[in-house]
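Okay, here's what each chain looks like letter by letter:
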Amino acid sequence: MRQRLAGVGLATMGSVPDPDAELMLRAKRGDRAAFTLLVEKYQQPIVSLVRRTLRDPDEAEDIAQNVFLQAFKSAGRYRPTARFATWLYTIARNLCLNELRRRARHPADPLDSAAPGDTGRPEVQNPDPHALLAPQALLRRELDAAIELALAGLPEIQRSALLLLRDRQLPYEDIAQILDTTVPATKSLIHRARETLKQQLKPYLRSGDWPRPIRLPDSTNPQL
Amino acid sequence: MPGHLEALRDDSLRRAPSAEEIRRLESWLAGHPEQRAQWESDLQVGQWLRELPDPPVSPGFVPKIMAALDRPSAAGSRRLDLLSFWRLWLPPLRWAAASAAAAILLASAAFIGYRHHQSQTRVEIARSVAQISDFPLSLDLLSDFDVIRRLDPAAVPVDEELLAALQ
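Chemist: Explain the overall build of chain B to me, please; I cannot follow it from the model alone.
Modeler: In terms of helices and strands, chain B carries 8 helices and 0 strands. The N-to-C order of helical and strand elements in chain B reads α-α-α-α-α-α-α-α. The burial tally for chain B puts 22% of its 167 residues in the buried class. Accessible surface computed for chain B: about 12,000 Å², of which carbon and sulfur atoms make up 64%.

This is the structure:
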């Protein structure tokens with residue numbers, strides 16, 4: 001892991017300034033407030049990535065906290081030539097892979113089953129009880145659960161590629177770096193993941209109850 | 001398919017297509033109606049993924065991390081204690097291990113030497129017995145066996161005539 005982190009640290013970021021890298025440099029000099037800002041900014045994407053990779057809410061939060069602790073401890077090796085997000089996601093993925101390997105060595109901990117208390121349904125942040133009662137909200141909740149299930153069924157690297165792509169700030173080059181692969185391979189992973197999701201979510205795509213992203217006139221597929 | 005549309009397919013996983021992008025897609029689909037269903041499902045899945053709610057983060061997440069950062073001195077000193085323990089005990093342990101290995105080696109060599117000596121003695125006795133086995137067995141003949149065996153053959157010249165007579 002150290003070698004990979006070092007590799008990320010030496011990567012070129014281009015001329016685009018990274019304000020997070022600046023914060024990390026301040027944190028490296030012992031500025032706790034700067035590091036707090038970084039934790040606050042990245043807590044949600046890191047928890048989301050770890051939670052969807054490990055599928056155990058409690059463990060996911062512990063691992064997510066370790067990601068930031070590891071980042072702080074490794075601050076000395078951080079080079080501002082790398083985008084901070086790329087570096088942090090690399091740490092997160094490495095810790096997730098370590099945990100998955102640990103689980104594989106100790107099969108008593110189920111690798112892909114949900115943790116006790118995890119119903120497989122997604123937990124909506126700040127859920128509005130009135131909204132949950134609405135039929136449309138119930139449908140959406142069911143759809144979200146189906147998407148989470150389909151995501152969970154993807155191979156780890158495909159799921160990670162898809163989840164990292166949701167972060168708008170991450171270019172393909174950085175996603176490839178985090179996944180330790182090439183840009184074409186990353187695009188191929190994303191393509192395969194999307195095709196699998198389409199297969200898994202076919203019943204929802206065909207039902208017509210779900211909101212459509214665009215209204216294309218003269219649709220040759222009216223059931224969509 | 002034009003490159004910008006191919007990029008739009010992947011980008012739709014992270015952002016909603018702009019009105020201009022939709023207009024260009026529509027324009028392209030007018031000439032490729034067989035691609036419409038594929039595009040609709042791609043954009044639909046993209047929208048669903050974009051709108052997928054994130055799992056909640058516990059309110060104590062950030063304070064827990066910052067508290068853990070304040071504790072490294074304890075963890076560090078524990079690690080230092082362990083390190084000091086090994087630094088203190090490793091050289092004597094290493095010496096003890098080396099001594100034990102040398103002792104085992106010496107004991108093994110001595111044992112092998114003893115077994116070799118034992119087997120050589122047995123071979124010599126067997127040869128001596130073989131030498132007298134041709135003679136008719138008589139207790140009188142064996143009465144001075146040990147005395148004769150100890151005689152140095154070089155010091156006492158062989159009595160060829162007596163030997164010939166005995167044979």
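Chemist: I tried to follow helix H4 (residues 61-69) of chain B on my own but got confused; where do I start?
Modeler: A turn of α-helix holds 3.6 residues, and therefore any two residues three or four places apart point the same way. Among all positions in H4 of chain B, only Phe61, Val62, Ile65, Met66, Ala68 and Leu69 of chain B are buried. All buried residues of H4 of chain B lie within an arc of 160° about the axis, which places them on one face of the element.

Chemist: How should the nonpolar core be read in this particular structure?
Modeler: The nonpolar side chains of a soluble globular protein tend to be buried with one another. Formed by 70 residues in total, the largest nonpolar core has its most connected members in Met24, Phe35, Ile46, Phe68, Leu151 and Leu162 of chain A together with Phe61 of chain B. When residues in this core are grouped by element, the largest group, 11 residues, is from helix H5 (residues 84-105) of chain A. Apart from residues lying up to four places away in sequence, Phe35 of chain A is in contact with Met24, Ala27, Phe68 and Phe72 of chain A together with Ile65, Met66 and Leu69 of chain B. Counting 7 residues, the second largest nonpolar core, distinct from the first, contains Leu5, Leu8, Trp28 and Leu43 of chain B.

Chemist: Quick question: what am I supposed to make of the packing of aromatic side chains here?
Modeler: Each pair of aromatic rings is reported with the distance of its centres and the angle of its planes. All names here are of chain A. Applying the stated criterion across every chain yields a total of 6 aromatic pairs over all chains. When the ring of Tyr78 is compared with that of Phe84, the centres are 6.2 Å apart and the planes differ by 75°; the resulting orientation is edge-to-face. Look at Tyr78 and you get buried, because its relative accessible area is 0%. Judged by centre distance (6.1 Å) and plane angle (45°), the ring pair of Phe84 and Trp87 falls under tilted. With Phe84 and Trp87 both in helix H5, this residue pair falls 3 residues apart, about one helical turn. Put simply, the rings of Tyr42, Tyr78, Phe84 and Trp87 touch in pairs and so form one group of aromatic residues. For the cation-ring pair, Lys187 lies above Tyr172, with the distance from its terminal atom to the ring centre recorded as 5.0 Å.

What counts and what doesn't
- Residues numbered from 1 in each chain as written.
- Chains lettered and ligands numbered in written order.
- Predicted model: local features only at pLDDT ≥ 70, side-chain atom pairs only at ≥ 80, totals over all residues.
- Heavy atoms only, no water.
- Helix = DSSP H or I, 4+ residues; strand = E, 2+ residues; numbered from the N terminus.
- Buried < 20%, exposed > 50% of the residue type's maximum accessible area, 1.4 Å probe, protein only.
- Areas by Shrake-Rupley, 256 points an atom, 1.4 Å probe, with all protein chains shown as cover.
- Arc of directions from axis to C-beta.
- Core = buried A, V, L, I, M, F, W, Y, C linked by side-chain atoms within 4.5 Å.
- Contact = heavy atoms within 4.5 Å.
- Phe/Tyr/Trp six-rings, centres within 6.5 Å; stacked < 30°, edge-to-face > 60°.
- Lys NZ or Arg CZ within 6 Å of the ring centre and 35° of its normal.

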